[in-house]
Amino acid sequence: MNDTSSRIDVKVCTDVSRPRDQGHIYVRAQQGRWQRLRRQLGWGLMLLFLAGPWLRWNGAQAILLDWEAQRFHLFGMTIWPQDLTLLALLLMVAAFALFFITAWLGRVWCGYLCPQTVWTFWFIWVEEKLEGSANRRRRRDQEAWSVDTLLRKGGKHLIWWLIALLSGFSFIAYFTPATELATGLLTGSAGAWPTFWVLLFALCTYLNAGWMRTLMCTHMCPYSRFQSAMFDADTLSAAYDAGRGEARGPRARKADHRAQGLGDCIDCNLCVQVCPAGIDIRDGLQYECINCGACIDACDQTMNRMGYPLGLIRYASENELAGQGVTRRRLRMWAYAAVMVAMLGLMLAAALLREPLALEVLRDRNELYRETLSGRIENTYTLKVANKTQQPQTILLEVEGLVQPDWRGQRQWQLAPGEMRLVPVSLSVADGSLIRPVQAIEFVVRHRGDEVRTDSRFFGPRP
Ligand code: SF4
Ligand code: SF4
């Protein structure tokens, strides 16, 4: 369970009181079960993000938010602006899932899954590989510049930029076809806007993950401000068991620290040195804490070394630390879960009941009706027909509610995947066949045994 391979030198650790130096946080790398989990989740999500634009479905890009055409293609489904309900439900499911997880596990999203954290740890990993451990990096920054430092720092920024450019490209490839964007960028024919957006997102990635890091979480992320509203006394967070740890202080490994009036905390400061937010969890729950578990792994390593029970810092609730045990009767948390499940059900129902075709009818607003030379009454419409699937659809248009109407305009054709077509149509009926001056009619679009209906009106003279 615990990583005992990493060595800990208590004396060396106590030399460094804080990982901050003139505002910069030198994060010490930490091994352990939570860091392993965080890395695995981080790599998995990052690979998904990078591979996402290259996934294909029925010969087309599987996930594409086509901004220009105002369509969202998702694994064979095309979501139109008319399907806003579906998107709104999806956002509500995501929001309530986040509320539920936060009420249950605190800021676990921030520590394990948020792109800001995943990219920040990736950048820190590159920094560590090129510039050395946290203490070495701190010393290097205090020393005069040398060729070695120049090469190492230059290499770090180069790799950061490469990662940032790859991230910027991947992000924009969700909004514009990935193959076109890649070819365009490689041949210099991508155009000004796509190039600008890729560079802008690359710059944001470089600054956020390379320079701002947890400052972004502390000062700019709105979630860090309101997440505490979802907490209750049973929310799990990284917490220091002060009852067990105090009074803190150094001691010999084999000493009977209880007899010396000491608790289990040896004040090695490792939990502070590994914290990406640069805080001391022993000061209590703080809003800068992203719940990443690095301090838990660091402290478990120390406890292991000293032969003390693990979990001096652990994921625990306020009630648990106060010795009140764990309760499942948590109204707010279960209410979030219930709303999330209800929204998910509604979203699935909306997705399953979604029509594969859309039909909108626009009446000619210039004249209500006109009489043709042959004495018939004619109304003019524009039909907007859209294929919301990613397969071609052969469609047939009809009208109901009129006696022997004469249809002028296209009635049957094949719509390409995701195609939307405007079709001008004139309908005429024999004078006298109308039973009222404003007749309710229905346009029907049929395909493969299914039909989509839209109401409209047919105007004529008073009978
Ligand atoms: S206090 Fe612990 S859990 Fe919170 S951010 Fe720092 S290392 Fe991560
Ligand atoms: S809480 Fe654990 S890691 Fe932090 S100073 Fe005490 S013993 Fe060291």
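Residues numbered from 1 in each chain as written. Chains lettered and ligands numbered in written order. Predicted model: local features only at pLDDT ≥ 70, side-chain atom pairs only at ≥ 80, totals over all residues. Heavy atoms only, no water.

Peer 1: Just checking my understanding: could you explain the overall build of the protein chain for this structure?
Peer 2: Summing up its helical and strand segments, the protein chain has 16 helices and 18 strands in all. Computed over its C-alpha atoms, the radius of gyration of the protein chain comes to 32 Å, more than 25% above the 23 Å expected for a compact globule of 463 residues. Along the first, second and third principal axes, the C-alpha set of the protein chain runs to 110 × 60 × 35 Å. Relative to its 463 residues, the protein chain shows a buried fraction of 44%. Taking contacts inside the protein chain between residues at least 6 apart in sequence as the whole, the part at least 24 apart equals 69%. (Helix = DSSP H or I, 4+ residues; strand = E, 2+ residues; numbered from the N terminus. Rg over C-alpha atoms; globule rule 2.2 N^0.38 Å. Buried < 20%, exposed > 50% of the residue type's maximum accessible area, 1.4 Å probe, protein only. Contact = heavy atoms within 4.5 Å.)

Peer 1: Which parts of the structure should I look at to understand the site of ligand 2?
Peer 2: Taken together, Y240, C265, I266, D267, C268, N269, C271, R282, C299, M303 and I313 make up all the residues around ligand 2. Among the residues making up the shell around ligand 2, the classes are represented as eight nonpolar, one polar and two charged. (Near = heavy atom within 4 Å. Nonpolar A, V, L, I, M, F, W, Y, C, P; charged D, E, K, R; others polar.)

Peer 1: What's the story with the UniProt feature "transmembrane region" (unreviewed entry) in the protein chain in this structure? I'm lost.
Peer 2: UniProt feature "transmembrane region" (unreviewed entry): in the numbering of this structure it lies at residues 41-64, 84-105, 158-176, 196-216 and 333-353. In the segment residues 84-105, helix accounts for 100% and strand for 0%; the C-alpha atoms at its two ends are 31 Å apart. Strand forms 0% of residues 158-176 and helix 79%; the C-alpha atoms that close the span are 26 Å apart. (UniProt positions renumbered as here; feature names shortened; annotations may be inferred.)

Peer 1: Where do I start with the packing of aromatic side chains in this structure?
Peer 2: Any two aromatic rings considered together are summarised by their centre-to-centre distance and by the angle between their planes. Within the structure shown, the criterion is met by 24 aromatic pairs. Aromatic side chains F171 and F201 sit 4.4 Å apart centroid to centroid with 35 degrees between the ring planes, which places their arrangement in the tilted category. Of this pair, F171 sits in helix α7 (residues 147-172) while F201 sits in helix α9 (residues 192-212), and the two are 30 residues apart along the sequence. Exposure remark for F171: the relative accessible area of 29% places this residue in the partly exposed category. Accessibility expressed as a relative area gives 28% for F201, which makes it partly exposed. Following the ring pairs from residue to residue traces out a cluster consisting of W67, F171, F175, W193, F196, W197 and F201. Geometry around F121 places R38 over its ring, the cationic atom sitting 3.5 Å from the centre. A cation sits over an aromatic face here: R411 above W407, 4.7 Å from the ring centre. (Phe/Tyr/Trp six-rings, centres within 6.5 Å; stacked < 30°, edge-to-face > 60°. Lys NZ or Arg CZ within 6 Å of the ring centre and 35° of its normal.)

Peer 1: Where do I start with the state of the cysteines in this structure?
Peer 2: What we call a disulfide is simply a covalent bond connecting the sulfur atoms of a pair of cysteines. Summed over all chains, the structure comprises zero disulfides. Here C217 stays unpaired: no disulfide links it, and the sulfur of C114, its closest cysteine neighbor, is 6.3 Å away. (Disulfide = S-S within 2.5 Å.)

Peer 1: Explanation requested: the domain arrangement of the protein chain in the structure shown.
Peer 2: When the parts of a complex come together, some accessible area is lost, and that lost area is often taken as the interface size. What the domain assignment reports for the protein chain is domain 1 (1-354) and domain 2 (357-459). One C-alpha centre belongs to domain 1, the other to domain 2, and the line joining them spans 55 Å. Between domain 1 and domain 2, the buried area comes to about 830 Å², and carbon and sulfur atoms account for 41% of it. When the buried surface of domain 1 facing domain 2 is broken down by residue, G76, W80 and Q82 rank first, second and third, together holding 48% of it. Linking domain 1 to domain 2 there are zero salt bridges. Mapped by element, the contributors of at least two residues to the side of domain 1 that touches domain 2 are β6 (71-74) and β7 (77-79). Looking at the side of domain 1 that touches domain 2 residue by residue, the classes come out as four nonpolar, five polar and three charged. (Domains from an automatic or database assignment. Buried area = accessible area lost by both parts, 1.4 Å probe. Salt bridge = Lys/Arg side-chain N within 4 Å of Asp/Glu carboxyl O.)

Peer 1: Before we go on, may I ask you to explain the pattern of salt bridges in this structure?
Peer 2: A side chain of one charge can pair with a side chain of the opposite charge if their charged atoms are brought near each other. Summed over the entire model, instances satisfying the criterion amount to 29 salt bridges. Among the ionic pairs, E128 bridges to R137, the shortest N-O distance being 3.3 Å. What makes E128 partly exposed here is its relative accessible area of 22%. Counted as one network, the salt bridges with shared partners bring together E127, E128, E131, R137, D141, K153, K156 and R213.

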